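# What the coordinates show
Chain by chain, the residues:
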Amino acid sequence: MSSPCELGGRVTMALMLPAMVLAVSATPRLRTTRSPQHVLRVCADPNNLPFSNRAGSGYENRIASLIAHDLGDSVEYAWWPQRRAWVRNTITANKCDVAISVPAGFGQLLTTRPYYRSTYVFVSRADRHYELTSLDDPRLRTLRIGLHFIGTDYDNPPPAHALGDRGIVRNVVSFSIYGNYSDPNPPAELIEAVAKGTVDVAVVWGPLAGYFAKRSHVPLAITPVVPSTDARTGTVFAFPIAVGVRKDRAGLRDSVQRVLDRDDGAIQRIVQEFGIPVVGRY
Amino acid sequence: MRRSIVGGFVVASALGACMGTHDAGLSASKVERAAGGVANEPRATIAAGTVTSPSGEWHMQGNNSALTRYSDLTEINTSTAKNLKLAWMFSTGALRGHEGAPLVVNNTMYLVGPYPNIAYAIDLTKPATVKWMYRSNTDPWSVGVACCDVVIRGWTYDSGKLFYNLLDDRTVALDANTGKLVWETKLADVNEGITMTMAPFVAKGKVYVGNSGGEMGARGWLTALDENSGKIVWRAYSTGADSDVKIGPRFHPFYPKDRGKDLGLTSWPPDGWKHGAGTVWGWISYDPALNLIYYGTSNPGPWNQDQRPGDNKWTSTIFARDAESGDAVWAYQVTPHDLWDYDGVNENILVDLPIQGRTRKALVHFDRNAFAYTMDRETGEVLVAQPFANLNWSTGVDLKTGVPAVVPSKRTHQGATVQNICPPDIGGKDQQPAAFSPRTGLFYVPTNNECMDYTGVEVSYIAGTPYWGAAMQRHAGPGGNRGAFIAWDATTGKAVWSVPDKFIVYSGALATAGDVVFYGTVDGWFKALDARTGQELWKFHCGSGVIGAPMSYKGPDGKQYVAILTGVGGAAGVDSHVDGYPAEGGMLYVFSL
């Protein structure tokens, strides 16, 4: 079903094309979708680096600007902390058009092809020389392990499932993925706990680990959890990440896909700059 | 205005016969015994010593400290109810779910809605005239930070003040005459994922409040505030060391499974209790003679069961505490090591009940796990535990040990798919409060009849982080009706009658001395039934769905009124995909003859 917004976009584009080309002073390209207001509305968390923040310091902010620039739009943000019901409160509620990083194929949205694939990683102080790679490493039965947790629902990050299945429970320390929202970048608390030695090792989503390890006053070592699918439980640790739009916005998704394809070089530089550990093909 | 039926309304008699192997439901037309029909037959009565609102008024959510939601007014009765007519209406101006009941004190109605928690005092001596209005400055940011739930379950009145909780973790006291703020107390930081949604309860000069936020990994507590100053007097956590839980020399649980030192620590992995949930978002009752308060705690968190071996005390637990000191007197963990999201927060209704030849001081609790527990409220002994709604997770509760026998095939496990778990996460009944009539000796219970298929393989993401979530597909239980309104005999542990409904029945219940019971449906019907037979006497179609709790009062004109706050939302949203689910919109409806 084509939404009124998409139709409006096409009509506007036909009328506005010359002005738009001037405005962005770029090579004219065929664009199929553009919002009537020339605005790309981005759903983002205002306090969650390395993903996004209100100051525009996250990689999602950078990629959003890049996409909008290419489309000839300006960026407007719908700020909402990434909690349960985030999609329902933002994109589905039509407060914004795109979520810059969601798992490719994420069921609640229409997604582009992935632009990076990262993995859960082990993070430890470099001076400990653990070089952990496998969840079957016997040292994990005694090391103090920090993990993020989600809440009382059945949800859990993959390392929690895989370690729990191995009976590795009593030496696990839980950190809320939400943390204290009055602190900057609440999920970073887990990485700080590694640096401080509160926990020996954390098993954490790669982009968080890579970004905060780069900024840590204590040198930290990062190693991916391998294999990327747990042979024992079937738990997957690596996720391809894509841009998501509302399910009725196939036109917008296709436009964003073309930008991702055209500007892949610039996007990969941003991913690299933020220290995101990238694994395998996507 | 009455309007035509929206969606496919389910006729009661077509669906009532089958509620699964446990036979909890019967059709409305089938009455097992004439409840209360024999004059000399002993029956349950409201707990002796119960503190009740003055006749014709309604001062607290349950109308009395026993939480019976029983009105002694009789003008609206089984003969006259058919003549009920709309008297007046009032818009709350709010969307989202409207839970709780309005209060009536001294010819003034007091009404509070969901976020942004605007409160109204309405002068009943003039046609729907607003006497005052109070706009709490609830932080709008808290709606996002706190995630999903913006309901509140009403408020309470005592000694010239009204008390309620704001989503951003403040308890406020208002002057009932002027609507001016008397005190407000900050109890927690919403930035840590804690919110407050329950209705405070007042006894012994203390305001008891509890927290919500298990979805965010909060640690549960009940806190007592000084009624006059708002100062925190004590706080009892649901997890952690005995000193945190206020377990001391007076603590004598009935069952060995609930005895031992520091079980709130030792029944968890080393740090698990810190984020163990056991939040206190339901109802509080009070026995002045025993000087005990009663309440339940939520399910455990945050890990799946693999990550929290042990009973996970004191989650999914009923506590009896000294009203003054907060010291725990007994506790009964209803669902040890919960695997299904069976919170234990549902109300504990206090009655004195003839059973096995003697009268016991009892507490009746309809748990999310779909067992109805009749317990001795002095000791915590379970006297009766029978299914009041369809369930298949357990084969029964052993009354000698207090332990429910779990059906192995219904255990959830990450990565595994478990088909047809009954009840689902929202339970055989959620927080929607039941009523009790001393005239019939029966409990009137809004119930859910759904089951879930659990699959632990769905990719989701939060805070930028992808993870494996579990998908819960809920479907109607046996019979095809998603809910039922039942009459329950707590002595025998049997349903006396049952009226099925298309949706979960998520409103509260009201019982009256006119032998009429009232409740509402998610698709907007407000109904009056004969308390003894379940026969429908009257119904009215509201503009939105009913998840509030009905109450009754006597107006300045001497007439009996019945009021219901409507506006769909809350957990009724689990049925929002079902044909006939109405639009949002908060409206109070008031009816009289």
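What counts and how
- Residues numbered from 1 in each chain as written.
- Chains lettered and ligands numbered in written order.
- Predicted model: local features only at pLDDT ≥ 70, side-chain atom pairs only at ≥ 80, totals over all residues.
- Helix = DSSP H or I, 4+ residues; strand = E, 2+ residues; numbered from the N terminus.
- Buried ≥ 20, exposed ≤ 12 C-beta atoms within 10 Å, placed from the backbone.
- Contact = placed C-beta atoms within 7 Å.
- Rg over C-alpha atoms; globule rule 2.2 N^0.38 Å.
- Arc of directions from axis to C-beta.
- Pairing = 2+ DSSP bridges.
- Axes fitted to C-alpha atoms, helices over the stretch in contact; angles between N-to-C directions.
- Core = buried A, V, L, I, M, F, W, Y, C linked by C-beta atoms within 7 Å.
- Domains from an automatic or database assignment.
- Nonpolar A, V, L, I, M, F, W, Y, C, P; charged D, E, K, R; others polar.
- Parallel < 35°, antiparallel > 145°, perpendicular 65-115°, else oblique.
- Left-handed = near helix turned anticlockwise from the far one by under 90°.

It is worth spelling out the overall build of chain A at this point. For chain A, the helix and strand inventory stands at 8 helices and 12 strands. Within the span of chain A, comprising 282 residues, buried residues form 50% of the whole. Pairs at least 24 apart in sequence give 76% of the contacts found in chain A among residues at least 6 apart.

Per the secondary structure count, chain B includes 4 helices and 39 strands. Taken over the C-alpha trace, chain B has a radius of gyration of 22 Å; the compact-globule value for 593 residues is 25 Å, and the two agree within 12%. Taken along the three principal axes of its C-alpha coordinates, chain B extends 60 × 55 × 50 Å. Here chain B holds 593 residues, and the buried ones make up 64% of them. The long-range share in chain B, meaning contacts at least 24 apart out of those at least 6 apart in sequence, stands at 62%.

For the rest of this paragraph, the subject is helix 5 (residues 189–196) of chain A. All names here are of chain A. Among the residues of helix 5, those classed as buried are Leu190, Ile191, Val194 and Ala195. Burial along helix 5 is one-sided: seen end-on, the buried residues are contained in an arc of 145 degrees. In this structure, the buried side of helix 5 is in contact with strand 7 (116–125), strand 8 (145–149), strand 9 (172–176), strand 10 (201–205), helix 6 (206–215) and strand 11 (220–224). Immediately downstream of helix 5, the backbone of glycine 197 shows phi near 85 degrees, a positive value.

Below, the discussion takes up the environment of leucine 290 of chain B. All names here are of chain B. Inspection of the secondary structure assignment puts leucine 290 in the loop between strand 16 (285–287) and strand 17 (292–296). Taking the C-beta count within 10 Å as the criterion, leucine 290 has 18 such neighbours and is therefore assigned partly exposed. In this structure, the C-alpha to C-alpha distance between leucine 290 and glutamate 378, residues 88 residues apart in sequence, is 7.6 Å.

The next thing to look at is the environment of methionine 89 of chain B. Residue and element names in this part refer to chain B. Relative to the assigned elements, methionine 89 resides in strand 3 (residues 85–91). For the pair methionine 89 and arginine 368, spaced 279 residues apart in sequence, the C-alpha separation works out to 33 Å. Not counting residues up to four positions away in its chain, the partners in contact with methionine 89 are Met587, Leu588 and Tyr589.

Strands in a sheet are paired, the pairing made by backbone hydrogen bonds, and the direction either parallel or antiparallel. Residues and elements named next belong to chain B. Here we have 4 strands laid out as an open sheet, ordered 3-39-38-37, and antiparallel in their pairing. Every other strand in the sheet has two partners, leaving strand 3 and strand 37 (551–554) as the edge strands with one partner each. Across the sheet, the axes of successive neighbouring strands diverge by a mean angle of 25 degrees, strand direction being ignored. Note: strand 38 (residues 560–566) against strand 39 (residues 587–592), 6 bridges, orientation antiparallel. Residue pairing across strands places threonine 566 opposite methionine 587, the latter belonging to strand 39.

So, about the nonpolar core. In summary, soluble globular proteins display a tendency toward joint burial of nonpolar side chains. Membership of the largest hydrophobic core comes to 259 residues, with the highest contact counts inside it found for Val123, Ile191 and Val204 of chain A together with Val351, Trp488 and Val517 of chain B. When residues of this core are assigned to domains, at least three fall in each of domain 1 (4–115 + 240–273) and domain 2 (117–238) of chain A.

Next up on the list: the domain arrangement of chain A. Think of interface size as the accessible area that goes away when the parts come together; that is how it is often given. All names here are of chain A. With domains assigned, chain A is organised as domain 1 (4–115 + 240–273) and domain 2 (117–238). Listed by partner, the interface residues are 9 residues for domain 1 and 10 residues for domain 2. Counting only elements with at least two residues in the side of domain 1 that touches domain 2, the list comes to strand 2 (47–48) and strand 12 (238–245). Counted by class, the side of domain 1 that touches domain 2 contains 6 nonpolar, 2 polar and 1 charged residues.

With 46 residues of chain A at the interface, the matching set in chain B holds 42 residues. Counting only elements with at least two residues in the side of chain A that touches chain B, the list comes to strand 5 (98–103), strand 8, helix 4 (158–165), strand 9 and helix 6 of chain A. Here the element with the most residues in the side of chain A that touches chain B is helix 4 of chain A; it accounts for 5 residues. Here the side of chain A that touches chain B is composed, by residue class, of 24 nonpolar, 16 polar and 6 charged.

Below, the discussion takes up the packing of helix 2 (residues 59–71) of chain A against helix 7 (residues 250–262) of chain A. All names here are of chain A. Look at helix 2 against helix 7: their axes get within 10 Å of each other, and the N-to-C directions meet at 105 degrees. Here helix 2 is positioned roughly perpendicular relative to helix 7, judged by the angle of their axes. Every residue of helix 7 that contacts helix 2 at Ile67, Asp70 and Leu71 is listed here: Ser255, Val256, Val259 and Arg262. The residue makeup of the contact of helix 2 with helix 7, split by class, is 4 nonpolar, 1 polar and 2 charged.

All names here are of chain A. Closest axis-to-axis distance for the helix 2/helix 8 (residues 264–273) pair is 10 Å, and the angle between their directions is 170 degrees. When the interaxial angle is binned, helix 2 and helix 8 end up roughly antiparallel. As helix 2 runs across helix 8, the sense of the crossing is right-handed. Contacts from Tyr59, Arg62, Ile63 and Leu66 in helix 2 reach Ala266, Ile267, Ile270 and Val271 in helix 8. Residues that form the contact of helix 2 with helix 8 fall into these classes: 7 nonpolar, no polar and 1 charged.

On to the sheet that holds strand 1 (residues 45–46) of chain B. All names here are of chain B. An order of 1-20-21-22-23 is seen for the 5 strands of this open sheet, with the pairing classed as antiparallel. Only two strands of the sheet have a single partner each, and these edge strands are strand 1 and strand 23 (382–387). Pairing analysis gives 8 bridges linking strand 20 (residues 348–355) to strand 21 (residues 358–366), with the strands arranged antiparallel. Following the sheet pairing, leucine 350 is matched in strand 21 by leucine 363.

Of note, the bond from valine 226 of chain A into proline 227 of chain A is cis; its omega dihedral lies within 30 degrees of zero at -5 degrees. Cis peptide bonds are those with omega within 30 degrees of zero, and the linkage from tyrosine 115 of chain B to proline 116 of chain B qualifies with 10 degrees. Its place among the elements puts proline 116 of chain B in the loop between strand 5 (108–112) and strand 6 (118–123). A positive phi angle, near 70 degrees, is found at alanine 277 of chain B, a position not held by glycine. Assignment of secondary structure puts alanine 277 of chain B in the loop between helix 4 (263–266) and strand 16. Overall, the presence of 30 C-beta atoms within 10 Å leaves alanine 277 of chain B in the buried class. A positive phi angle, close to 55 degrees, is found at asparagine 420 of chain B, a residue other than glycine. Among the secondary structure elements, asparagine 420 of chain B is positioned in strand 26 (residues 417–421). Looking at asparagine 420 of chain B, the number of C-beta atoms within 10 Å reads 14, which means it is partly exposed.

Tracing the chain through its elements places glutamate 347 of chain B in the loop between strand 19 (328–333) and strand 20. A sequence separation of 165 residues divides glutamate 347 of chain B from threonine 512 of chain B, and the C-alpha atoms of the two residues are 19 Å apart.

This part covers the pairing of strand 7 (residues 129–135) of chain B. Residue and element names in this part refer to chain B. Where strand 6 and strand 7 come together, 6 bridges link them in antiparallel fashion. Among the inter-strand pairings, isoleucine 118 is bridged to a residue of strand 7, identified as arginine 135. The antiparallel hairpin formed by strand 6 and strand 7 contains 5 residues in its connecting segment, where alanine 128 sits at a positive phi of about 40 degrees.

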